[in-house]
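What follows is each chain in one-letter form.
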Amino acid sequence: MYRIRLFLKRLLLPVTIMLIPHSSRKSLRLNVPLMGLLGAAVLSVFGAVYVYSLALDAFAYRPTKEKLDYYQNEFAEIESTISSLKLAEKQFRKLFSLGSKDAVLENMSSTDMGALDADILKKQIEKTMDSVAEIRDYLSEQRDLYMATPMGWPVKGWISSGYGYRIHPITGRRDFHTGMDISARPGDPVDATADGIVIFAGRSGANGNLVAIGHGFGYTTYYAHNKKIAVKVGDVVKRGDVIAYVGSTGRATGPHVHYEIWKDGKNVNPKKYLKGGTS
């Protein structure tokens, strides 16, 4: 109790801050409790981290924003081409409704028809078709990337051991945990977190019953210590498909899923993929 009082007393100990102007005016003294300075320092650090995270998000969004702006301009040109086509259709319908060849030829010299340039319109149509194909390919690629990016939890449970350095629960030694352990009830279904193809399904030493899925775009996910495997090598799976059931096979202290995500040949922290995918 004495130590707590002493600690609180030190926190309330005033610290004098002197502000000395360049002119001949008197210096300004500020008496601030040590706790206030520490609080201000902590808030400054949190503020800097928050601003930094916003900056990172802005830089990450910038390429996507530029791409969207580009396609928005493309759609504006497509709309202009469609308007030209509709105008041409209207003009031709008006001509053909005249009922005779002579009437059609006489009206061909009108101001409206003189503004119609078939060659320019043809080039606009060709460019429009190219733009539509490019946009379709881009959106298709983005959808494939979205479906191939791990997203959400592989099993309903709680994180019992996170990614990074830890004390190994069996060896008692400090080592690097390349994945995340999610504890759950034995027999609970384990879901694929992204679309892909099963590249391994079987026994794998300390991993017990292991399932590995290749997703493309550099992504691979691993699900270890399963009680039972529900897929085989070569199976095509979708996000949310059941691939195994929770167990404690291999070197495990209890029922859980050891979940790993690899991107471009390197393991990454699965935690940031639990709420949503990250390229």
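Here the structure is shown first, and the text comes after it.
None of these values were measured; they are calculated from a predicted model.

(A) Examining the overall build of the protein chain more closely. When you go through the protein chain residue by residue, the secondary structure sums to five helices and 15 strands. Of the accessible surface of the protein chain, which amounts to about 19100 Å², a share of 60% is contributed by carbon and sulfur atoms.

(B) Structural detail: the environment of Phe176. With respect to the element layout, Phe176 can be found in strand 5 (residues 174-177). A residue is classified by how much of its surface remains accessible, and Phe176, at 36% relative accessible area, is partly exposed. Sequence spacing of Phe176 and Tyr163 is 13 residues, and the spatial spacing of their C-alpha atoms is 7.8 Å. Look past the residues within four positions of Phe176 in its chain and what remains in contact with it is Tyr163, Gly164, Tyr165 and Asn267.

(C) Highlighting the sheet that holds strand 11 (residues 228-229). Taken in spatial order, the three strands of this open sheet run 7-13-11, and their pairing is antiparallel. Since the sheet does not close on itself, it has two edges, and those belong to strand 7 (189-191) and strand 11, each with one partner. Two elements, strand 11 and strand 13 (residues 242-245), share two bridges in a ladder whose sense is antiparallel. By the bridge assignment for strand 13, Lys228 is matched with Tyr245.

(D) Region of interest: the packing of aromatic side chains. Following the criterion strictly, the structure yields five aromatic pairs and no others. An aromatic cluster of three or more residues is present, and its members are Tyr163, Tyr165 and Phe176. When the ring centre of Tyr146 is taken as reference, the NZ or CZ atom of Arg239 above it lies at 5.2 Å. Here the guanidinium or amino end of Lys263 rests over the ring plane of Tyr219, the centre of that ring lying 5.1 Å away.

(E) Focus on the pattern of salt bridges. Applying the stated criterion across every chain, the model contains six salt bridges. Residue Asp175 pairs with Arg166 through a salt bridge whose shortest N-O separation is 3.8 Å. We classify Asp175 as partly exposed; its relative accessible area is 26%. The salt bridge partner of Lys238 is Asp195, with a shortest N-O separation of 3.7 Å. Remark: Asp195 occurs in the loop between strand 7 and strand 8 (196-203) and Lys238 occurs in the loop between strand 12 (236-237) and strand 13; sequence separation between them is 43 residues. Accessibility expressed as a relative area gives 49% for Lys238, which makes it partly exposed.

Rules behind the numbers
- As a convention, each chain's residues are numbered from 1 in the sequence order in which they are written.
- Thresholds applied to this predicted model are a pLDDT of at least 70 for local features of residues and 80 or more for the giving and counting of side-chain atom pairs; totals over whole chains, interfaces and linings are not thresholded and use all residues.
- Excluding hydrogens and water, the side-chain figures rest on all heavy atoms present in the structure.
- Counting from the N terminus, the helices are the DSSP runs of H or I reaching at least four residues and the strands are the DSSP runs of E reaching at least two.
- Residue burial considers only the protein chains on display, and all accessible areas are found by Shrake-Rupley using a 1.4 Å probe.
- The buried label goes to any residue with under 20% of its type's maximum accessible area, the exposed label to any with over 50%, and the partly exposed label to all in between, with areas taken from a 1.4 Å probe on protein chains only.
- Throughout, a contact is declared for two residues whenever any of their heavy atoms are within 4.5 Å.
- Here, strands pair whenever DSSP counts at least two bridges between them.
- Any two rings among Phe, Tyr and Trp, with Trp reduced to its six-membered ring, count as a pair given centres within 6.5 Å; such a pair is stacked if its planes are under 30 degrees apart, edge-to-face if over 60, and tilted if neither.
- Geometrically, a lysine NZ or arginine CZ counts as sitting over a ring once it is within 6 Å of the ring centre and also within 35 degrees of the ring normal.
- Salt-bridge detection follows one rule: a side-chain nitrogen of Lys or Arg within 4 Å of a carboxyl oxygen of Asp or Glu.

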